[in-house]
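So the chains spell out like this:
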Amino acid sequence: HDALPICTSKQPGLVLGPKIMIHSLPRAAGELDGGKYPLLFIRNFTDIGNATTAYGDLGANFPTIYDPDNEGFSVFTADPSYGIDNVTAPSGWVTSNRETTPGILTYGVVFSYDQKLSSVIGIGDSVIDGTPNRTSFTFKACARLRKNGKKVSFTNGGISGSTMAQINAHGKDMISTFAPEVIVLASYTINSPIATQSDWDSQWSLVLDLSQTQLALGRKVILLTPLPIDSLTTGQNVFRNIQRNRVINSGITFVDVESLANSVGRWANPALTIDGTHPTAAGNNVISDLLQPILETQV
């Protein structure tokens with residue numbers, strides 16, 4: 001259950017070897033998740049002298065901001081030290097590092113299940129990404145559905161700072177590579193111009209284009225009506241409301257988040273935003289409450 005961005009600025013790729021059926025090992029109550037989920041072991045091999053093996057940085061103090069809000073889904077890593085077998089036996093995973101910096105990103109696994117599982121990707125900027133704690137509202141909705149017994153996986157496709165043109169291009173890469181059953185997509189980003197109606201028109205065109213790419217494959221899209229932002233002018237809020245009506249009238253499944261905005265398009269409750277743009281943990285909880293029942297009908 002991935003709660004981290006799948007990449008930063010590079011195009012995602014997926015290279016698969018032969019399919020190898022590996023069954024889950026019996027679980028014990030004292031293991032990391034209490035023995036609830038299947039357990040997979042990976043041995044990562046780096047040739048001698050190769051000091052360029054890829055790894056990711058989870059960020060300073062990641063456990064401090066992630067753990068209190070992770071819906072019970074933790075990220076576990078092993079130290080990528082060269083020439084050291086850090087995890088030598090299944091029992092090693094019980095005490096392996098938790099959400100350390102860095103985390104190894106050099107392998108991928110495609111799981112096969114005995115039951116249908118729906119994949120969900122949130123595509124967008126830092127708001128979709130869940131900055132700063134990576135527990136976005138889409139992650140939360142998926143995690144809660146899983147706790148309720150739904151077979152659903154989540155991948156974070158948000159990249160901080162992305163313009164709508166970049167979201168469109170990256171989203172198409174993710175649709176092509178990962179074939180998600182559902183994508184959750186915002187109807188605008190502050191990282192692209194929003195000063196004029198033409199700016200909003202341009203963003204909407206890219207939102208529709210990405211949505212049509214997914215829908216043409218027989219898969220599903222959930223659009224968000226425009227979230228509030230405290231930097232909006234009165235005129236820009238008019239454009240934001242037009243964008244909201246476009247989402248509602250598009251015929252595409254949507255979540256209306258207008259209850260979070262006041263009459264001028266800013267956050268009605270300051271406690272729900274970190275900086276006037278990004279939701280706090282409480283803000284992500286509120287948006288998740290709106291998204292979850294809609295998402296449940298799509299997976």
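Reading guide: rules and limits
- Residues numbered from 1 in each chain as written.
- Predicted model: local features only at pLDDT ≥ 70, side-chain atom pairs only at ≥ 80, totals over all residues.
- Heavy atoms only, no water.
- Helix = DSSP H or I, 4+ residues; strand = E, 2+ residues; numbered from the N terminus.
- Buried < 20%, exposed > 50% of the residue type's maximum accessible area, 1.4 Å probe, protein only.
- Contact = heavy atoms within 4.5 Å.
- Areas by Shrake-Rupley, 256 points an atom, 1.4 Å probe, with all protein chains shown as cover.
- Pairing = 2+ DSSP bridges.
- Axes fitted to C-alpha atoms, helices over the stretch in contact; angles between N-to-C directions.
- Right-handed = clockwise from strand over helix to strand, strands pointing away.
- pLDDT = per-residue confidence, 0-100.

## Side note on the overall build of the protein chain
Reasoning step 1: The number of helices and strands found in the protein chain is seven helices and seven strands.
Reasoning step 2: Mapped from its N terminus to its C terminus, the protein chain presents α and β elements in the order β-α-β-β-α-α-β-α-β-α-β-α-β-α.
Reasoning step 3: The buried share of the protein chain, reckoned over its 299 residues, is 41%.
Reasoning step 4: Sequence separation of at least 24 residues holds for 76% of the intrachain contacts in the protein chain that already meet a minimum separation of 6.
Reasoning step 5: With an accessible surface of roughly 15,100 Å², the protein chain has 54% of that area assigned to carbon and sulfur atoms.

## Comments concerning the sheet that holds strand β7 (residues 254–255)
Reasoning step 1: Judged by pairing direction, the sheet is parallel, and its five strands sit side by side in the order β4-β3-β5-β6-β7 without closing on themselves. The strands lining the two open edges of the sheet, one partner per strand, are β4 (152–158) and β7.
Reasoning step 2: Bridge count between strand β3 (residues 118–124) and β4: seven bridges; the pairing is parallel. Its bridge partner being in β4, I121 is matched across the sheet by T155.
Reasoning step 3: Together, β3, β4 and β5 (182–186) form the strand contacts of helix α4 (residues 164–178), whose direction differs from that of β3 by roughly 160°.

## Looking at the pairing of β5
Reasoning step 1: Burial within β5 is extensive, with five of its five residues counted as buried.
Reasoning step 2: Residues of β5 alternate between two faces, with V182, V184 and A186 on one and I183 and L185 on the opposite face, all of them buried.
Reasoning step 3: For β3 and β5, the ladder comprises four bridges, and the chain directions are parallel. Of the residues in β5, the one forming a bridge with I121 is I183.
Reasoning step 4: Looking at chain direction, β5 and strand β6 (residues 220–224) are connected through five bridges and run parallel. Bridge assignment links I183 to a residue of β6, and that residue is V221.
Reasoning step 5: The β-α-β motif built from β5, the intervening helix α5 (residues 197–215) and the parallel element β6 has right-handed crossover chirality.

## Quick notes on the confidence of the model for the protein chain
Reasoning step 1: Per-residue pLDDT for the protein chain has a mean of 81; in total, 68% of the residues score no lower than 70.
Reasoning step 2: The lowest-confidence element of the protein chain is strand β2 (residues 103–104), averaging 51 in pLDDT; the highest-confidence one is β6, averaging 98.
Reasoning step 3: Residue range residues 1–8 is modelled with pLDDT below 50. Its contacts to residues more than four positions away, or to other chains, number 32 contacts.
Reasoning step 4: Below pLDDT 50 for its whole length, residues 82–96 participates in 19 contacts with residues either more than four positions away or in separate chains.

## Digging into the side chain of R144
Reasoning step 1: Of note, R144 is situated in helix α3 (residues 137–147).
Reasoning step 2: Relative accessible area serves as the criterion here: at 17%, R144 is assigned to the buried category.
Reasoning step 3: Setting aside residues no more than four positions away along its own chain, R144 makes contact with E71, N285, S288, D289 and Q292.

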